[in-house]
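These are the residues of each chain, in order.
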Amino acid sequence: MDFNTNIFEQFDKKWALLTAGTEAAFNTMTISWGSLGTLWSKPIATVYVRTSRYTHEFMDRNDLFTISFFPEKYKQILGVLGSKSGRDMDKMKESGLTSVPTSGSISFEEAEVTIICKKLFTQRLEVRGIPDDIVKSLYEDDAPHDMYIGEVVEIIRK
Ligand SMILES: Cc1cc2nc3c(=O)[nH]c(=O)nc-3n(C[C@H](O)[C@H](O)[C@H](O)COP(=O)(O)O)c2cc1C
């Protein structure tokens, strides 16, 4: 497994699609919060999903999830997939992206890098542990985030 990048820009500036489920039923949404690192001597990826997202249901129901990064030209599509819910639209049909069953989960033909993760640990980001200014701006009127830590089992690069 090999992935060299500026991690501080990779999520924050490029964005990604977080996808969970199988060909029979999956959902995907745009994320810009996440990290890559090491835990329990394993390579891991961490993502944060508000409990209100449709994708949250799929994250809870499935053992695997994928993080897909795309060439710049897909950014507008990522914008749409990050502002509309799979509850209200057929995300695959309207985005024009091509989903591909991959190693038990879902990736996309158009992605340049796909990180396949096996869920290791899930925990609510409890408001009592979050600085007040962040609670005020992000959690007073919105659902909490659950943190999902996944073991990176495969990285697919085009
Ligand atoms: C650039 C960008 C980054 C986002 N990052 C996150 C994130 O890290 N976590 C999260 O819960 N929602 C994030 N969102 C919001 C979800 O992508 C958005 O609510 C989406 O419509 C959820 O879709 P779903 O209901 O089909 O799961 C982001 C949206 C955008 C546009």
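The preceding data block contains the structure.
Description of the structure in this document. Keep in mind that this is a model prediction, so the values were computed, not measured.

Before going further, it helps to spend a moment on the site of the ligand. Around the ligand, a shell composed of 21 residues is seen, among which Tyr 48, Thr 55, Ser 85, Gly 86 and Lys 91 lie nearest. Between the ligand and Tyr 48 there is a distance of 2.8 Å, counted from a nitrogen atom to a backbone nitrogen or oxygen. Within the contact set of the ligand, a nitrogen atom lies 3.1 Å away from a side-chain nitrogen or oxygen of Arg 53. In isolation the ligand exposes 650 Å². Once the protein is present, 86% of that is buried. When each cavity is represented as a set of grid points, the ligand is found to reside in the largest pocket. Every element with two or more residues in the shell around the ligand is listed here: β2 (25-31), β4 (42-50) and α2 (54-61).

It is worth spelling out the pattern of salt bridges at this point. Overall, the coordinates contain 7 salt bridges when judged by the stated rule. Residue Asp 12 is joined to Lys 13 by a salt bridge in which the shortest nitrogen-to-oxygen separation is 3.1 Å. Among the residues examined, Asp 12 registers a relative accessible area of 43% and is labelled partly exposed. Residue Arg 61 pairs with Glu 57 through a salt bridge whose shortest N-O separation is 3.9 Å. With Arg 61 and Glu 57 both in helix α2 and 4 residues apart, this pair spans about one turn of that helix. Residue classification places Glu 57 among the partly exposed residues on the basis of a relative accessible area of 34%. Linked through salt bridges whose partners overlap, the residues forming this network are Glu 57, Arg 61 and Arg 87.

Time to look at the layout of surface pockets. Empty space among the atoms can be located by rolling a probe the size of a water molecule over them. Each pocket or cavity is described by its volume, and for the largest pocket that value is around 390 Å³. Surrounding the largest pocket, 23 residues form its lining, Met 29, Thr 30, Ile 31, Arg 53 and Gly 82 being those nearest its centre. Every element with two or more residues in the lining of the largest pocket is listed here: β2, β4 and α2. Ranked by residue count, the leading element in the lining of the largest pocket is β2, at 4 residues.

With that out of the way, let us pick up the packing of aromatic side chains. Pairs of aromatic rings are described using the distance from one ring centre to the other and the angle between the two planes. The full count for this structure, using the stated rule, is 6 aromatic pairs. Centre to centre, the rings of Phe 3 and Phe 69 are 6.1 Å apart; their planes meet at 25°, and the pair counts as stacked. On the criterion of sequence distance, the pair formed by Phe 3 in the segment before α1 (7-10) and Phe 69 in strand β5 (residues 64-69) is long-range, its members being 66 residues apart. A residue is classified by how much of its surface remains accessible, and Phe 3, at 18% relative accessible area, is buried.

A separate point is the pairing of strand β7 (residues 105-108). The alternating pattern of β7 places Ser 105 and Ser 107 on one face and Ile 106 and Phe 108 on the opposite face, and all of these are buried. Relative to β7, strand β6 (residues 99-102) runs antiparallel, the two being bridged by 4 bridges. By the bridge assignment, Pro 101 is partnered in β7 with Ile 106. Counted between consecutive antiparallel strands, the loop separating β6 from β7 contains 2 residues, among which Ser 103 sits at a positive phi close to 50°.

Rules used in this analysis
- Residues numbered from 1 in each chain as written.
- Predicted model: local features only at pLDDT ≥ 70, side-chain atom pairs only at ≥ 80, totals over all residues.
- Heavy atoms only, no water.
- Near = heavy atom within 4 Å.
- Polar contact = N/O pair within 3.5 Å; in protein donor to acceptor, adjacent residues only side chain to side chain.
- Areas by Shrake-Rupley, 256 points an atom, 1.4 Å probe, with all protein chains shown as cover.
- 1 Å grid on protein atoms, 1.4 Å probe; cavity = no way out; pocket = protein on both sides within 12 Å on 5 of 7 lines; lining within 4 Å.
- Sits in = over half its atoms within 2 Å of the grid points.
- Helix = DSSP H or I, 4+ residues; strand = E, 2+ residues; numbered from the N terminus.
- Salt bridge = Lys/Arg side-chain N within 4 Å of Asp/Glu carboxyl O.
- Buried < 20%, exposed > 50% of the residue type's maximum accessible area, 1.4 Å probe, protein only.
- Points joined across faces, edges and corners; volume = space filled by probe spheres on them.
- Phe/Tyr/Trp six-rings, centres within 6.5 Å; stacked < 30°, edge-to-face > 60°.
- Pairing = 2+ DSSP bridges.

Geometric descriptors of this kind do not, in isolation, establish any biological role.
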